[in-house]
Amino acid sequence: MQSDYSILVVDDEDSIRRLLQKELASPRRRIRAVASAAEALRLCRVDSFEVILLDIRLDDGNGLDLLPDFLRLLPDAKIIMITGHADLDGAVTAMRNGAYDFVAKPFTLSKLDLIVDRAVEHTSLARENRSLRLASGNKEHRLVGTSPAMRDLAFLLSKVAPTDVPVLITGESGTGKDVVAAEIHRASARRAQPFVVKNCAGLQKELARSELFGHVKGSFTNALESTEGLMTFANRGTLFLDEVGELPLEVQTLLLRVLENQRYRRVGEKDERNADVRFLCATNRNLASEVQRGHFHEALYHRINVFQLSLPALKERREDIPLLVAHFLAQLGGDRMRASVSPAAMDCLMRYHWPGNVRELRNIIERGLILAENNIISEKNLPRDLVESVAGLRHVPASGRAEGPSDEAEARFSPLGTRAGGASLPPDASLLLDDVERGHIARVLAMFGGNKQKAAKALGIARKTLYRRLKAMGLE
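Cut-offs used in this document
Residues numbered from 1 in each chain as written. Predicted model: local features only at pLDDT ≥ 70, side-chain atom pairs only at ≥ 80, totals over all residues. Heavy atoms only, no water. Helix = DSSP H or I, 4+ residues; strand = E, 2+ residues; numbered from the N terminus. Buried < 20%, exposed > 50% of the residue type's maximum accessible area, 1.4 Å probe, protein only. Contact = heavy atoms within 4.5 Å. Areas by Shrake-Rupley, 256 points an atom, 1.4 Å probe, with all protein chains shown as cover. Arc of directions from axis to C-beta. Axes fitted to C-alpha atoms, helices over the stretch in contact; angles between N-to-C directions. Parallel < 35°, antiparallel > 145°, perpendicular 65-115°, else oblique. Left-handed = near helix turned anticlockwise from the far one by under 90°. Nonpolar A, V, L, I, M, F, W, Y, C, P; charged D, E, K, R; others polar. Pairing = 2+ DSSP bridges. Phe/Tyr/Trp six-rings, centres within 6.5 Å; stacked < 30°, edge-to-face > 60°. Core = buried A, V, L, I, M, F, W, Y, C linked by side-chain atoms within 4.5 Å. Expected span 1.5 Å × (residues − 1).

**What to know about the overall build of the chain**
Part 1 of the argument: When you go through the chain residue by residue, the secondary structure sums to 20 helices and 18 strands.
Part 2 of the argument: Classification of the 476 residues of the chain by burial places 50% in the buried group.
Part 3 of the argument: Restricting the contact set of the chain to residue pairs at least 6 apart, pairs at least 24 apart contribute 69%.
Part 4 of the argument: Total accessible area on the chain is roughly 22,700 Å²; 50% of this is exposed by carbon and sulfur atoms.

**Re helix α20 (residues 463-473)**
Part 1 of the argument: Residues of α20 that are buried: L466, L470 and M473. All buried residues of α20 project into a common sector of 70 degrees when viewed along the axis, lining one side. Counted as exposed and oriented over 90 degrees from the buried face of α20: K464, R468, K471 and A472.

**What to know about the packing of helix α13 (residues 321-333) against helix α15 (residues 357-371)**
Part 1 of the argument: Where α13 meets α15, the axes come as close as 10 Å, and the angle between the chain directions of the two elements is 50 degrees. Of the possible angle classes, the one that applies to α13 and α15 is oblique. Considering only the axes of α13 and α15, their crossing is right-handed. In this structure, α13 contributes I321, L324, V325, F328, L329, Q331, L332 and G333 to the contact, and α15 contributes V358, L361, R362, I365, E366 and L369.
Part 2 of the argument: Its residues assigned to classes, the contact of α13 with α15 comprises 10 nonpolar, 2 polar and 2 charged.

**A word on the sheet that holds strand β7 (residues 101-104)**
Part 1 of the argument: Taken together, the 5 strands give an open sheet; going across it, the order is β2-β1-β3-β6-β7, and neighbouring strands pair in parallel fashion. Each edge of the open sheet carries a strand with a single partner, namely β2 (29-34) and β7. Pairs of neighbouring strands in the sheet enclose a mean axial angle of 20 degrees, with direction left out of account.
Part 2 of the argument: Where strand β6 (residues 78-83) meets β7, 4 bridges bridge the pair, whose relative direction is parallel.

**A short note on the packing of helix α2 (residues 37-46) against helix α3 (residues 63-73)**
Part 1 of the argument: In contact at an axis separation of 9 Å, α2 and α3 are set at 15 degrees when each is read in the N-to-C sense. Relative to α3, the element α2 is oriented roughly parallel. For the element pair α2 and α3, the recorded crossing hand is left-handed. Contact residues: A37, A40, L41, C44 and R45 in α2; L66, D69, F70 and L73 in α3.
Part 2 of the argument: Along the lines of polarity and charge, the residues of the contact of α2 with α3 split into 7 nonpolar, no polar and 2 charged.

**Brief notes about the sheet that holds strand β8 (residues 167-170)**
Part 1 of the argument: Strand order in the open sheet made by the 5 strands is β9-β12-β15-β8-β16, with parallel pairing throughout. Two strands bound the open sheet, and with one partner strand each, they are β9 (195-199) and β16 (307-310). Taking each pair of neighbouring strands and ignoring which way they run, the sheet shows an average axis angle of 20 degrees.
Part 2 of the argument: Both β8 and β16 contribute to a ladder of 4 bridges, which runs parallel. Counted as the bridge partner of L168 is Q308 from β16.
Part 3 of the argument: Strands in contact with helix α6 (residues 148-160) are β8, β15 (278-283) and β16; relative to β16, the strand with the most contacts, it is inclined by about 155 degrees.
Part 4 of the argument: The sheet contacts of helix α7 (residues 177-186) involve β8, β9, β12 (238-242), β15 and β16, and relative to β8 the element is tilted by about 150 degrees.

**Digging into the packing of aromatic side chains**
Part 1 of the argument: Inspection of the entire model under this criterion finds 2 aromatic pairs.
Part 2 of the argument: Centre to centre, the rings of Y352 and W354 are 4.6 Å apart; their planes meet at 80 degrees, and the pair counts as edge-to-face.
Part 3 of the argument: Note on W354: relative accessible area 1%, which makes it buried.

**Comments concerning the nonpolar core**
Part 1 of the argument: Of all hydrophobic cores here, the largest spans 31 residues; its most connected members are M231, L239, L241, L247, L255, F279 and I304.
Part 2 of the argument: Mapped onto this core, the elements with two or more residues apiece are α8 (208-213), α9 (230-233), β12, α10 (249-261), β15, α11 (287-292) and α12 (298-304).
Part 3 of the argument: For this core, the element with the highest residue contribution is α10, accounting for 5 residues.
Part 4 of the argument: With residues near it in sequence (within four places) discarded, F279 still touches V165, P166, V167, M231, L239, L255, V258 and L259.

**Things to note about α10**
Part 1 of the argument: Over its 13 residues, α10 extends 19 Å from the first C-alpha to the last, a length consistent with the 18 Å expected when each residue adds 1.5 Å.
Part 2 of the argument: For α10, the complete set of buried residues consists of V251, Q252, L255, L256, V258 and L259. One face of α10 carries all of its buried residues, which in axial projection span an arc of 160 degrees.
Part 3 of the argument: Packing partners of the buried residues in α10 comprise α8, α9, β12, β13 (263-264), β15 and α12.
Part 4 of the argument: Just downstream of α10 lies Q262, where phi reads positive at about 55 degrees.

**Quick word on the environment of E298**
Part 1 of the argument: By secondary structure assignment, the location of E298 is in helix α12.
Part 2 of the argument: Overall, E298 belongs to the partly exposed group, its relative accessible area being 48%.
Part 3 of the argument: Counting along the chain gives 10 residues from E298 to A288, while the straight-line C-alpha distance between them is 8.2 Å.

So this is what it looks like as structure tokens:
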């Protein structure tokens, strides 16, 4: 069940309102109570409620007639009808028309409390399912890497995630900006609330405002029904706007208002609504330059750039490649196989320049698993253009298949810091010995699918020694 939620009580009996406000109150419940349908509908236009306790007979309206209006304003809310014995038939009709449940007067508070909790669980599950659908493609949220750049990123993320400030995530395409956004949400106080993802590059200019904020029926051509926007779906949660630089300028202005005032209007609606949303934005553009060219709203840039996280390109953290390979092998291989990567193939991956970054590496591992023989991804299972692009760095026969790592490759990954034949590395290279050893151990682990016993044997060290080295290097 979600950590906190709101209940709206709509009843014209003062004693009932006071009783419910007192008895239903708890640290995780926010109770609002009103006497009229008009005031209740006004609140629903500007605020969000998980549960509405709605009396059938009100001084200014009938709860049965008003039910569609409440469901239109808050489609996720669970409406519990409060009824007298004479209204039971009407309550059953209301449930057929969308009400969640009903309680008859006089009712016991314990029963009502149980119904409310059950209703909140249903609301939470509905929002979570929608959130998962909207965030499709982000099923595996995990930062992988022990390079200095990734350690710095993890530190900054741990500091900003618990706050509610907007975060701008920058970096080349494929570096994992969506993964970082998901990690921020998961480490925040909003983790139990919706995580809604929208790629702004896919927004049609004419419909961008409607998709973000929603619209009312008849507000523009083909607006045949009223709809909610992403602001509603992300309420009390996190909204991740990927490729935010693609937003139309007129929509940027409206988004700025939400960030500054936490208020917005649906297209064609007069009343404003509250927006309790944490904003995460990502871009591979230089937004400061976009501002200078007049393509991005300057005030919005400063508002979303309260805290910036810059993701390194994969070529800038090559020591993380073996760990990423092991991660993708486990993620994509699943239970059906325990695959590994041959030394020659791993050497190719380490030398490649990775224009597509982590996304490209994942795709190559997925392709390699399809082509693998005996659960081993060899060099011939890698894309030919990748193998050919690194051919100048080592000997590649005419067949296009490498014969194995060169002396330089062996020296690069040797935990002892020596070249083939026992020659010592240059003195300045010894300064990088720890990183070299870390990369070599991670590579060998990936080759054996994470099996530490086999990796220790291949490294020529005891398993306990390997465990100690992994712990010391932060790989365990």
